[in-house]
Amino acid sequence: MDKHKLIQLKEYAKIMKDTPYALKTYLTTYDNTKKTYVPLELFPDQVQLLEDYDNYNENITRKYRQAGVSTVTAAWLSKRIQTAKPDNPERILIIANKRDTAIEMANKVRSFLEQWPEWINVGFSADKNSESRYRMNNGCEVKAVATSADALRGYTPTVLVFDEAAYIEAGEDFWAACMASLSTGGKVILISTPNGHDPIYYGVYDQALRGMNDFKITDLRWFKDPRYAGDLKWIRVDDIIHYMLNREQYNDDEIILEQGWKGYEDLLEKGYKPYSHWFENMAKKFKYDKRKIAQELECDFLGSGDGVIPNTVQDIIRKTMIKDPIEKYMQGTFWLWKEPIEGHRYIMGVDVSRGDSADSSSICVIDFDENEQVAEYVGKIPPDDLASIVYKWGTLYKAFVATDITGGMGIATSRKLQEMGYNDQYVDGVNTNDIWKYNKKAQEKIPGINFNNKRTQIVAAFEERLRHGFLVRSSRLLNELNTFVYINGRPNHMKGAHDDAIMAMAIAMYVGDVCFTQLKRNDTANKAMLDSWVLSERTYETKKSFYSHGTAFDAIGSMKTDQGTIPMNPNGDGNLSLDQYKEYMWLFGGRNKQV
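Residues numbered from 1 in each chain as written. Predicted model: local features only at pLDDT ≥ 70, side-chain atom pairs only at ≥ 80, totals over all residues. Heavy atoms only, no water.

1. Quick notes on the overall build of the protein
- Looking only at helices and strands, one finds 21 helices and 21 strands in the protein.
- Here the protein holds 595 residues, and 47% of them are scored as buried.
- When contacts within the protein are restricted to residue pairs at least 6 apart in sequence, those whose partners lie at least 24 apart make up 66%.
- About 31,600 Å² of surface is accessible on the protein, with carbon and sulfur atoms providing 50% of the total. (Helix = DSSP H or I, 4+ residues; strand = E, 2+ residues; numbered from the N terminus. Buried < 20%, exposed > 50% of the residue type's maximum accessible area, 1.4 Å probe, protein only. Contact = heavy atoms within 4.5 Å. Areas by Shrake-Rupley, 256 points an atom, 1.4 Å probe, with all protein chains shown as cover.)

Here's what the structure looks like:
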């Protein structure tokens, strides 16, 4: 073997063993700041990412904008393709929410494939060579597709890459099909900036944190990137955006810490926020939009989505309100936190499903007087059977029941409750000023509330009550809040998520607001009106008869307690004179007093 061949073999072995070395040595990337191609430099987090790709079959990466993760991943894929054996070729499938996004990643892989030296480069096959699908001479193949039910049809990948995974609009069935395609072996990579609590990317990440799957998490933070953190500072403020916009209100000497990123977990725990000029310039580009900054720079799941409930409110609920139920009934579907208290007013919201679909029926009981959730049911049950549960627990709590009759499912529940003799039900269109008074017309209407007709008002009441400290106890409901977002301006759950527990609580809160609160306002108004009717009791001196003939205790003088005398006719006959009548005639509107 000649010397040159031996050198190549040693170099090949080094390429196979040391991925960071291989990419830095042979690949270049375009530098926008220098307007030219430069060697692919890797900083520590990117090196760690490559090692995780090599060592783990299931990887999920949480990244900030401009982290270079897509570029590094494409470079890693190019090396894997160039070094694959013809008898064991790689089949790379790149999936994104949009076809153009997937093709962009495939083009990055193609660009890196072209850069490898000729002695290692296997070359492109003329057999299949399009922008969305191309093949190499060693049998390896790259395919780029948008999310769809047919994305995996007829294709079994060895490496499955989800680019911007948090934005993939697909349900759990699609995710299950993707994972099933790797059942015989292979790797899966999820790359994304956060997008709230989406069902796929966040779901996988959250389960990985809790050890419920085998995914290896690689977190990349901007303040560990030497390109962006050259002037890194740590600022102890509640809101870094407010600081950037209102510096004159802060004393920098008291709140700024000059320190690198090491030990950043403790600094974040103590309330410090990372800052650099790059971070502020990026914040300006995002117009200081908190959601965009949380999503694109801070890698914050909670603050990055279009959530209906503010992330600060969810955080307070998570840390201070959630409790384990004191009892669980009905195979763990009915949770109880507080038993009924005599004299308290309870409202039960009921959200009804068919009982055989993806959605569940739900019940929420709230204590209107204590502003607290006391019981909750979530389960799959037919509407008429649900009425039995409502009747039992509604009777126990003496609850005022409001059932969602949108779409007709709840009608069976409310009618069944009527048959069972449960009369304390909310009826749309009934005068809320007197809901407890028997109303014959109300009995002719179907009890319940049409949620869709009042969606905006109901969700607004729900959001307001949570902001003002309503005590949410259910972890099931909190999980739904994570994926309860605005979609095209309309509050709804994310695809693949649910909002059953939310709807039941929101209905109860709304009915409490329009009924109980209105009753309370009426009581307050009536009390104020009665209090304004002042009864003045005149006190009399029994020795003086100037005010009247009687006293406070003897109005007509029958008890002879008044020792004074009545003004008499000068003649002494006990009759009043004509002049005396004329003097006081003006009191009775007869004529004006003569002066």
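2. Focus: the packing of aromatic side chains
- One pass over the full model with this rule turns up 20 aromatic pairs.
- Between Tyr-243 and Tyr-275 the ring centres are 6.5 Å apart and the planes differ by 80 degrees, which places this aromatic pair in the edge-to-face class. Remark: Tyr-275 occurs in strand β13 (residues 272–275) and Tyr-243 occurs in helix α8 (residues 240–245); sequence separation between them is 32 residues.
- For Tyr-243, a relative accessible area of 2% puts it in the buried group.
- Measuring from centroid to centroid gives 5.5 Å for Tyr-329 and Trp-393, while their planes differ by 50 degrees, and the two rings are tilted. With Tyr-329 in strand β14 (residues 327–329) and Trp-393 in helix α15 (residues 383–397), this pair connects stretches of sequence that are 64 residues apart.
- For Trp-393, a relative accessible area of 6% gives the class buried.
- Three or more aromatic residues link up through ring pairs in this structure, and these residues are Tyr-64, Trp-222, Phe-223, Tyr-228, Trp-234, Tyr-264, Trp-278 and Phe-279.
- Just above the ring of Tyr-134 sits the side chain of Arg-110; from NZ or CZ to the centre is 4.3 Å.
- Stacked on the ring of Trp-335, the Lys or Arg Arg-476 has its end atom at 3.7 Å from the ring centre. (Phe/Tyr/Trp six-rings, centres within 6.5 Å; stacked < 30°, edge-to-face > 60°. Lys NZ or Arg CZ within 6 Å of the ring centre and 35° of its normal.)

3. Digging into helix α14 (residues 311–320)
- Within the sequence span of α14, burial applies to Val-313, Gln-314 and Ile-317. Buried residues of α14, seen end-on, are gathered within an arc of 100 degrees and therefore sit on one face of the element. Seen from the open side of α14, the exposed residues pointing more than 90 degrees away from its buried face are Thr-312, Lys-319 and Thr-320. (Arc of directions from axis to C-beta.)

4. Considering the pattern of salt bridges
- Applying the stated rule across the entire model yields 25 salt bridges.
- One salt bridge in this structure joins Glu-141 and Arg-133, with 2.3 Å as the shortest N-O distance.
- Overall, the relative accessible area of 2% leaves Glu-141 in the buried class.
- Residue Arg-133 is classed as partly exposed on the basis of its relative accessible area of 23%.
- Look at the salt bridges and you will find they share partners, linking Arg-91, Asp-127, Arg-133, Arg-135 and Glu-141 into a network. (Salt bridge = Lys/Arg side-chain N within 4 Å of Asp/Glu carboxyl O.)

5. Focus on the packing of helix α1 (residues 3–17) against helix α2 (residues 19–26)
- Direction vectors running N to C along α1 and α2 enclose 115 degrees, while the axes themselves pass 5 Å from each other. Listed contacts from α2 to Glu-11, Lys-14, Ile-15 and Lys-17 of α1 are Thr-19, Tyr-21, Ala-22 and Tyr-26.
- Residue classes in the contact of α1 with α2 are distributed as four nonpolar, one polar and three charged. (Axes fitted to C-alpha atoms, helices over the stretch in contact; angles between N-to-C directions. Nonpolar A, V, L, I, M, F, W, Y, C, P; charged D, E, K, R; others polar.)

6. Some words on helix α6 (residues 172–180)
- Restricting attention to buried positions, one finds in α6 the residues Phe-174, Trp-175 and Cys-178. Each buried residue of α6 sits inside an arc of 100 degrees when the element is viewed along its axis, so together they form one side. Exposed residues lying more than 90 degrees from the buried face of α6 are Glu-172 and Asp-173.
- Where α6 is buried, its residues meet β4 (91–96), β8 (159–163), β9 (187–192) and α7 (201–209).

7. Description of the sheet that holds strand β15 (residues 334–336)
- As summarised here, the arrangement of the six strands in space is β14-β15-β18-β17-β16-β19, forming an open sheet in which the pairing is mixed. Edge strands, defined here as strands with exactly one partner in the open sheet, are β14 and β19 (400–403). The sheet shows a mean angle of 15 degrees between the axes of neighbouring strands, taken without regard to direction.
- For strand β16 (residues 346–351) and strand β17 (residues 361–367), the ladder comprises six bridges, and the chain directions are antiparallel. Note that in β17 the partner of Val-350 across the bridge is Ile-363.
- Contacts between α15 and the sheet are confined to β14, β15, β16, β17, β18 (372–379) and β19, with β16 contributing the most and set at about 170 degrees to the helix. (Pairing = 2+ DSSP bridges.)

8. Focus: the pairing of strand β6 (residues 133–136)
- Residues Tyr-134 and Met-136 of β6 are buried on one face, while the alternating residues Arg-133 and Arg-135, pointing to the opposite face, are not.
- By the bridge criterion, two bridges tie strand β5 (residues 124–129) to β6 in an arrangement that is antiparallel. Across the sheet, Phe-124 pairs through a bridge with Met-136, a residue of β6.
- Between β5 and β6, which pair antiparallel in sequence order, lie three residues.
- As paired elements, β6 and strand β7 (residues 141–146) share three bridges and run antiparallel to each other. Counterpart to Tyr-134 in the pairing with β7 is Val-142.
- Hairpin connection of β6 to β7: four residues between the antiparallel strands, including Gly-139 at a positive phi of 90 degrees.

9. Considerations on the side chain of Glu-90
- As for its position among the elements, Glu-90 is in the loop between α4 (69–82) and β4.
- Among the polar contacts made by the side chain of Glu-90, one reaches the side chain of Thr-158 at a distance of 2.6 Å.
- Excluding residues within four positions of it along the chain, Glu-90 makes contact with Arg-80, Ala-84, Gly-139, Cys-140, Glu-141, Thr-158 and Val-159. (Polar contact = N/O pair within 3.5 Å; in protein donor to acceptor, adjacent residues only side chain to side chain.)

10. Notes on the sheet that holds β6
- Taken in spatial order, the eight strands line up as β5-β6-β7-β4-β8-β9-β3-β10 in an open sheet, and their pairing is mixed. Unpaired on one side and paired on the other, β5 and β10 (216–219) mark the two borders of the sheet. Each neighbouring strand pair of the sheet contributes to a mean axis angle of 20 degrees, computed without reference to strand direction.
- Bridge analysis of β4 against β8 gives four bridges, and the strand direction is parallel. Looking at β8, one finds that Ile-95 is bridged to Phe-162.
- Running over the sheet, α6 touches β3 (58–62), β4, β8 and β9 and is turned about 150 degrees from β8.

11. Things to note about the nonpolar core
- Ile-94, Val-109 and Phe-279 are the most contacted members of the largest nonpolar core, which has 67 residues in total.
- Among all residues touching Val-109, those that are not within four sequence positions of it are Ala-74, Leu-77, Ser-78, Ile-81, Ile-94, Tyr-134 and Val-142.
- One finds Val-313, Ile-347, Phe-484 and Val-511 within the second-largest nonpolar core, a separate group that totals 39 residues. (Core = buried A, V, L, I, M, F, W, Y, C linked by side-chain atoms within 4.5 Å.)

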